[in-house]
Amino acid sequence: MSFVANTGTVFAREIRPDLRNPVSILFGMAQPLVFLLLFGPLLSGMSGGQETQWQWFVPGIVVMLGLFGTFSAGYYLLVEGDSGTLERMLVTPLSRTAMLIGRTMKELVTLLVQALLIIIVVLPLGFELHLVGILAGLVVLVVLGVGLGSLSFALALKARKSPTLFYVVQQMLLMPLLLLSGVLLPMDTAPAWLATVAGINPLTYVVEAERALFAGDLTNITVLYGVVAAVAVASIGLFLGTRGMRRASL
Amino acid sequence: MIHSRGLTREFRVKKETVKAVRGLDLDVGEGELVAFLGPNGAGKSTSLRMLTTLLPPSSGSATVAGCDVLKDPAGTRRRIGYIGQGTGSGDNFRVRDELVTQGRCYGLSRTDAHSRADELLAALDLESLAKRNGSTLSGGQRRRLDIALGLVHRPPLLFLDEPSTGMDPQNRANLWEHILRLRREYGTTIFLTTHYLDEADAMAERVMIIDHGKVIADDTSEKLKADLAGDRLTITAEDAGLAAEIAGRIPSAHEIAVDGMTVTLRVPGGPAVLPELLRQLEASGVKVLAAEVTRPTLDDVFLALTGRSLRESSEGA
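Keep in mind the model is a prediction, meaning the values are calculated, not measured. (Residues numbered from 1 in each chain as written. Chains lettered and ligands numbered in written order. Predicted model: local features only at pLDDT ≥ 70, side-chain atom pairs only at ≥ 80, totals over all residues. Heavy atoms only, no water.)

Peer 1: I would appreciate a short explanation of the nonpolar core in the present structure.
Peer 2: Across soluble globular proteins, nonpolar side chains show a tendency to be buried alongside one another. One finds Met99(A), Ile2(B), Leu26(B), Leu51(B), Val64(B), Phe159(B) and Phe191(B) to be the most contacted residues of the largest nonpolar core, which totals 47 residues. Here this core gets 5 residues from one element, more than from any other, and that element is strand β2 (residues 16-28) of chain B. Not counting residues within four places of it along the chain, the set of residues in contact with Val64(B) comprises Met1(B), Ile2(B), Leu51(B), Val69(B), Thr76(B), Ile80(B), Leu157(B) and Phe159(B). With 44 residues, the next largest nonpolar core counts Leu120(B), Leu151(B), Leu175(B) and Leu192(B) among its residues. (Core = buried A, V, L, I, M, F, W, Y, C linked by side-chain atoms within 4.5 Å. Buried < 20%, exposed > 50% of the residue type's maximum accessible area, 1.4 Å probe, protein only. Helix = DSSP H or I, 4+ residues; strand = E, 2+ residues; numbered from the N terminus. Contact = heavy atoms within 4.5 Å.)

Peer 1: Just to check I follow, could you spell out the packing of aromatic side chains for this structure?
Peer 2: By convention here, two paired aromatic rings are described through the distance between centres and the angle between planes. Residue and element names in this part refer to chain A. The final tally for this structure, using the stated rule, is 10 aromatic pairs over all chains. Ring centres of Phe 39 and Phe 57 lie 5.9 Å apart, and the angle between their planes is 35 degrees; on these two criteria the pair is classed as tilted. In this pair, Phe 39 sits in helix α3 (residues 30-39) while Phe 57 sits in helix α4 (residues 50-70), placing the two residues 18 residues apart along the sequence. For Phe 57, a relative accessible area of 0% gives the class buried. Ring centres 6.5 Å apart and planes at 80 degrees place the aromatic pair Tyr 205 and Tyr 225 in the edge-to-face group. Of the two residues, Tyr 205 is situated in helix α11 (residues 202-214) and Tyr 225 in helix α12 (residues 221-246); the sequence distance between them amounts to 20 residues. (Phe/Tyr/Trp six-rings, centres within 6.5 Å; stacked < 30°, edge-to-face > 60°.)

Peer 1: Help me out: how do you make sense of the confidence of the model for chain A in this one?
Peer 2: Reading fine detail from the predicted coordinates is not recommended where pLDDT is low. With 97% of its residues at a pLDDT of at least 70, chain A reaches an overall mean of 87. When pLDDT is averaged over each element of chain A, helix α6 (residues 85-90) of chain A comes out on top at 93 and helix α2 (residues 24-27) of chain A at the bottom at 80. (pLDDT = per-residue confidence, 0-100.)

Peer 1: Whenever I open this one, a positive patch on the surface confuses me. Can you help?
Peer 2: On the surface, a cluster of positive charge is contributed by Lys158(A), Arg243(A), Arg246(A) and Arg247(A). For Lys158(A), the location among the structural elements is in helix α8 (residues 131-158). (Patch = residues over 30% accessible without salt bridge, like charges linked within 9 Å, V, L, I, M, F, W, Y side chains within 5 Å. Areas by Shrake-Rupley, 256 points an atom, 1.4 Å probe, with all protein chains shown as cover. Salt bridge = Lys/Arg side-chain N within 4 Å of Asp/Glu carboxyl O. Lys, Arg positive; Asp, Glu negative; His and termini not counted. Charge placed at Lys NZ, Arg CZ, Asp CG, Glu CD.)

Peer 1: Sorry, what's going on with the pattern of salt bridges here?
Peer 2: Pairing of side chains with opposite charge becomes possible as their charged atoms draw close. Here the structure, examined in full by the defined rule, presents 32 salt bridges over all chains. For the salt bridge of Arg143(B) with Asp146(B), the shortest nitrogen-to-oxygen distance reads 2.7 Å. Of the two residues, Arg143(B) and Asp146(B) both sit in helix α5 (residues 139-151), 3 residues apart, roughly one turn of that helix. Of the residues examined, Arg143(B) reaches a relative accessible area of 8% and is grouped as buried. A salt bridge links Glu276(B) to Arg279(B), with the shortest nitrogen-to-oxygen separation between them at 3.2 Å. Of this pair, Glu276(B) and Arg279(B) both sit in helix α10 (residues 270-283), separated by 3 residues, roughly a single helical turn. Exposure remark for Arg279(B): the relative accessible area of 52% places this residue in the exposed category. Through salt bridges with shared partners, a single network forms among Arg13(A), Glu14(A), Glu80(A), Arg88(A), Arg103(A) and Glu98(B).

Peer 1: Sorry if this is basic, but what is going on with the side chain of Arg211(A) here?
Peer 2: Residue and element names in this part refer to chain A. Considering the arrangement of structural elements, one finds Arg 211 in helix α11. Summary of buried charges: Arg 211 has no salt-bridge partner, and the nearest side chain of opposite charge, Glu 208, is 6.3 Å away. In terms of polar contacts, Arg 211 uses its side chain to reach the backbone carbonyl oxygen of Trp 56, at 2.8 Å. (Polar contact = N/O pair within 3.5 Å; in protein donor to acceptor, adjacent residues only side chain to side chain.)

Peer 1: Can you help me understand the sheet that holds strand β8 (residues 189-194) of chain B in this one?
Peer 2: Within a sheet, adjacent strands bond to each other through the backbone by hydrogen bonds, running parallel or antiparallel. All names here are of chain B. Pairing within the open sheet is mixed, and its 6 strands lie in the order β6-β7-β8-β3-β9-β10. Two strands close off the open sheet at either side, each with one partner strand: β6 (80-83) and β10 (214-219). Across this sheet, the average inter-strand angle for adjacent strands is 15 degrees, counted without regard to direction. One ladder, built from 5 bridges, connects strand β7 (residues 157-161) with β8; its direction is parallel. The partner of Leu 160 across the bridge, within β8, is Leu 192. Strands β6 and β7 of the sheet are contacted by α5, whose axis makes an angle of about 165 degrees with β6. Sheet strands in contact with helix α6 (residues 169-186) are β3 (33-37), β7 and β8, and its direction is about 155 degrees off that of β8. (Pairing = 2+ DSSP bridges. Axes fitted to C-alpha atoms, helices over the stretch in contact; angles between N-to-C directions.)

Peer 1: Sorry if this is basic, but what is going on with the interface of chain A and chain B here?
Peer 2: A common way to express how large an interface is: the accessible area buried when the components associate. On the side of chain B, 32 residues touch chain A, which itself brings 24 residues to the contact. Summing both sides of the interface, chain A and chain B together bury roughly 2,500 Å²; the carbon and sulfur share of this comes to 57%. Contact with chain B buries surface across chain A, with Arg88(A), Val91(A) and Leu250(A) losing the most and accounting together for 31% of the total. The interface formed by chain A and chain B holds 4 salt bridges in total. Arg49(B) serves as the salt-bridge partner of Glu87(A), at 2.1 Å between the closest nitrogen and oxygen. Linking chain A with chain B are 13 residue pairs in polar contact (both at pLDDT 80 or more). Listed by contribution, the elements that provide at least two residues to the side of chain A that touches chain B are α1 (3-20), α5 (74-83) and α6 of chain A. If you tally residues by element for the side of chain A that touches chain B, the top one is α1(A), at 6 residues. (Buried area = accessible area lost by both parts, 1.4 Å probe.)

Peer 1: Would you take a moment to explain the side chain of Gln55(A) for this structure?
Peer 2: Residue and element names in this part refer to chain A. Note that Gln 55 resides in helix α4. Polar side-chain contacts of Gln 55 include one of 2.9 Å to the backbone nitrogen of Glu 128. Those residues in contact with Gln 55 that lie beyond four places of it in its chain are Gly 126, Phe 127, Glu 128, His 130 and Phe 214.

Peer 1: What am I meant to see in the packing of α5(B) against α6(B) here?
Peer 2: A packed helix pair is summarised by two numbers, namely the angle formed by the two axes and the spacing between the axes. Residues and elements named next belong to chain B. Close contact between α5 and α6 brings their axes to 10 Å; oriented N to C, the two are set at 15 degrees. In terms of orientation, α5 and α6 fall into the roughly parallel class. For the pair α5 and α6, the crossing hand works out as right-handed. Residues Gly 140, Arg 143, Arg 144, Ile 147 and Leu 151 of α5 lie in contact with α6, whose contacting residues are Asn 171, Asn 174, Leu 175, His 178 and Leu 182. Considering only residue class, the contact of α5 with α6 consists of 4 nonpolar, 4 polar and 2 charged. (Parallel < 35°, antiparallel > 145°, perpendicular 65-115°, else oblique. Left-handed = near helix turned anticlockwise from the far one by under 90°. Nonpolar A, V, L, I, M, F, W, Y, C, P; charged D, E, K, R; others polar.)

Peer 1: How should I be thinking about the environment of Ile250(B) in this particular structure?
Peer 2: Residue and element names in this part refer to chain B. One can find Ile 250 in the loop between α9 (240-247) and β12 (254-259). Separated by 26 residues in sequence, Ile 250 and Glu 276 place their C-alpha atoms 9.8 Å apart. When residues no more than four places from it in sequence are discounted, the contact partners of Ile 250 are Leu 265, Val 267, Val 273 and Leu 277.

Peer 1: Looking at this structure, how should I read the sheet that holds strand β5 (residues 67-68) of chain B?
Peer 2: All names here are of chain B. Across the sheet, which stays open at both edges, the 4 strands sit in the order β2-β1-β4-β5 with antiparallel pairing between neighbours. Edge positions in the open sheet fall to β2 and β5, since each of these has one partner strand only. Inspection of the sheet shows strand β1 (residues 2-13) paired to strand β4 (residues 59-64) by 5 bridges, in the antiparallel sense. In the sheet register, His 3 faces β4, and the bridge partner there is Thr 63.

If you want it as structure tokens, here you go:
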């Protein structure tokens, strides 16, 4: 059976529970939605009034969605690795790479739907719709999601023998990555050392790129940096993820 | 069906090398039903995982269902079924969906995968559960689903790792009914691990006993018991000391012990030896109050081989 068919099989398995129960797609959105609705309004005084506040905040929230949703995708793999479900799949002739890509593709579809829902939610609040920019922004987001998702899978596979490792690493990374990306507050006022640390966080560049894209500013140089950062995360993620899956059995 | 030579697996645990399997030589023919019996930690699962491509061996080779496990893992996977110790189906997935997915994993077309899923639902009494999520099934139902998942591609060789652990007697009997029917109808070769003595004894035609990563006995259960353990004779007599002395004259008797008025000994062919022994005791004026022959169990075989009881070993490990 071809690699594409294998990937399709894995993707179909993963997406089916969501199709059967579409509400489940909202669970992964809980945290970003809370930030959007309870934290967003606080920003009105900071970045120049009502209209621009959402324009600035929504692209960041969309990246946060990618971070919180896809980065915890490994949790399900971890559970299946522990229960014996992963083993059942590993003993079939299914391509190992397809086992990772199929799962990652499901994450990316979920992410896309969630991002669209967020955009729909903020439209009545005065969010300006730059269609081409937003579409481009979603493409960048998906590339980032592929990377974060497969990194999460790689971590879950690495942690098969000691599941706590997964949670420790994930929790240790999640908040710093978020705070240092400038999603919640602009990094302009950050002290020099913090700005330096933020400078090595790839999410910082993706967030800036998303802001430019969501504003319709497609030629901004930050877009290029953001794309490079997203592609880099995706490449590393896919490399580690597929390697982890291939090493999970003979 | 299965041939392995010098299959070895070592693990590094806290900077120490632990040899889980030491040089496994196996030959299992088509249609055999073999039980791999041993205490926990003896290397049963590790052996099985190496034979099913889940774990690379440290050294040695294996050919399973005609494919070299190391050189052609994908080919091996296509020809074998494996039902692991854990739960095969996912918690959030519907029973029928998982069966269809499994069929697709083995390259069945969409239509074939669906019709095969329905066949298996019927064969394993899972029809009423088709739309339920894995997490809502009982232990026995979930195990039946595991079996169904392992059979999707009609493998000529089926591996089962501790198939009935944790099941109640009724579910165990039900599970075995399915396994034995499979064998009757399709001539499937079955290789399973178990630490249930009675299960290995009753079901398997061939028993391999494994301890500390090595096969220490390999034969039919009947022959193992006759050769290695022998029957246990228990004689209660007023003059137990004299009775023990007379019993000691039987050439093949061993493990003779006296405890109060009770003499126990082990001897092959117990039912034939006992009447003869009774006659001799009678002739010597020993008054026998009770006499009993106990057929050996596989635990006695394990005890004879290792000096340990399998039950104790299992609990200790």
